[in-house]
Every structure is written in C-alpha cells, then in structure tokens.
Amino acid sequence: MKVQIDSGRCQGHGRCYDLAPGLFGEDDEGYGQVLGHGLVPPGEEQAARLAVANCPERAIDVHEET
C-alpha cells in the first residue's frame, strides 16, 4: 500500500498527521506531507485508511500494491 497527498487539494487541516503520525507530517506552512516514499509499513494500513477517510478535501490517495 502506498499513500500520496494532492497538494492542490490539501487545505492544511492536519487530520492526516494527527491520525497517522508515522505516515504523514506537516510542511513549514502546516500542510500535510507524506513521510518517506509513501509506502505504508505492515500494521499501519488501518491508520492510512483512517487518514484518507478523515481528510475533508479528499486530498489523500491510497494505492493498493500487489
């Protein structure tokens, strides 16, 4: 699983990094950013989905990798 943030849609609410701090952080202006390369480590899948579901702008995309 991999996550990414559409910076054009992100409004900086911070729910992603509040709900999944191991996957998301904030930039200098408070907008969400993906940590690392966006790969979701084993055991963090639920946190990733929670962040996706709670983003008001639907700025987070999740890609299931096979």
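No experiment lies behind these values; they were computed from the predicted model shown.

Asks: Is there a simple way to explain the nonpolar core in this structure?
Replies: By size, the foremost hydrophobic cluster in this structure holds 17 residues, and its most contacted members are Ile5, Cys16, Phe24 and Ile60. Elements that contribute at least two residues to this core include exactly strand E1 (2-5), helix H1 (15-19) and helix H2 (45-54). Ranked by the residues each element gives to this core, the list is headed by H2, at four residues. Residue contacts for phenylalanine 24: discarding those within four places in its chain leaves Val3, Ile5, Cys16, Tyr17, Gln33, Val34, Leu35, Ala51 and Ile60.

Asks: Mind showing me how you'd approach H2 here?
Replies: Since the α-helix packs 3.6 residues into each turn, any two residues three or four apart lie on the same face. Taken residue by residue, H2 has Ala47, Ala48, Ala51 and Val52 as its buried positions. Take H2 and look down its axis: the buried residues cluster within an arc of 140 degrees, on one side only.

Asks: Whenever I open this one, the pattern of salt bridges confuses me. Can you help?
Replies: Side chains that carry opposite charge are capable of pairing whenever their charged atoms lie near each other. Under the defined criterion, the tally for this structure stands at three salt bridges. The closest approach of N and O atoms between aspartate 61 and arginine 9, which form a salt bridge, is 3.5 Å. Of the two residues, aspartate 61 is situated in strand E4 (residues 60-63) and arginine 9 in the loop between E1 and H1; the sequence distance between them amounts to 52 residues. Residue classification places arginine 9 among the partly exposed residues on the basis of a relative accessible area of 31%. The salt bridge partner of arginine 49 is glutamate 64, with a shortest N-O separation of 3.0 Å. Taken together, the residues arginine 49 in helix H2 and glutamate 64 in the segment after E4 connect sequence positions 15 residues apart.

Asks: For this particular structure, what's the right way to read the environment of proline 42?
Replies: With respect to the helices, strands and loops of the structure, proline 42 is situated in the loop between strand E3 (32-34) and H2. Classification of proline 42 as exposed rests on a relative accessible area of 76%. Sequence separation between proline 42 and arginine 9 is 33 residues, and the spatial gap between their C-alpha atoms is 27 Å.

Parameters at a glance
Residues numbered from 1 in each chain as written. Predicted model: local features only at pLDDT ≥ 70, side-chain atom pairs only at ≥ 80, totals over all residues. Heavy atoms only, no water. Core = buried A, V, L, I, M, F, W, Y, C linked by side-chain atoms within 4.5 Å. Buried < 20%, exposed > 50% of the residue type's maximum accessible area, 1.4 Å probe, protein only. Helix = DSSP H or I, 4+ residues; strand = E, 2+ residues; numbered from the N terminus. Contact = heavy atoms within 4.5 Å. Arc of directions from axis to C-beta. Salt bridge = Lys/Arg side-chain N within 4 Å of Asp/Glu carboxyl O.

Function cannot be inferred from these measures alone, as they are strictly geometric.
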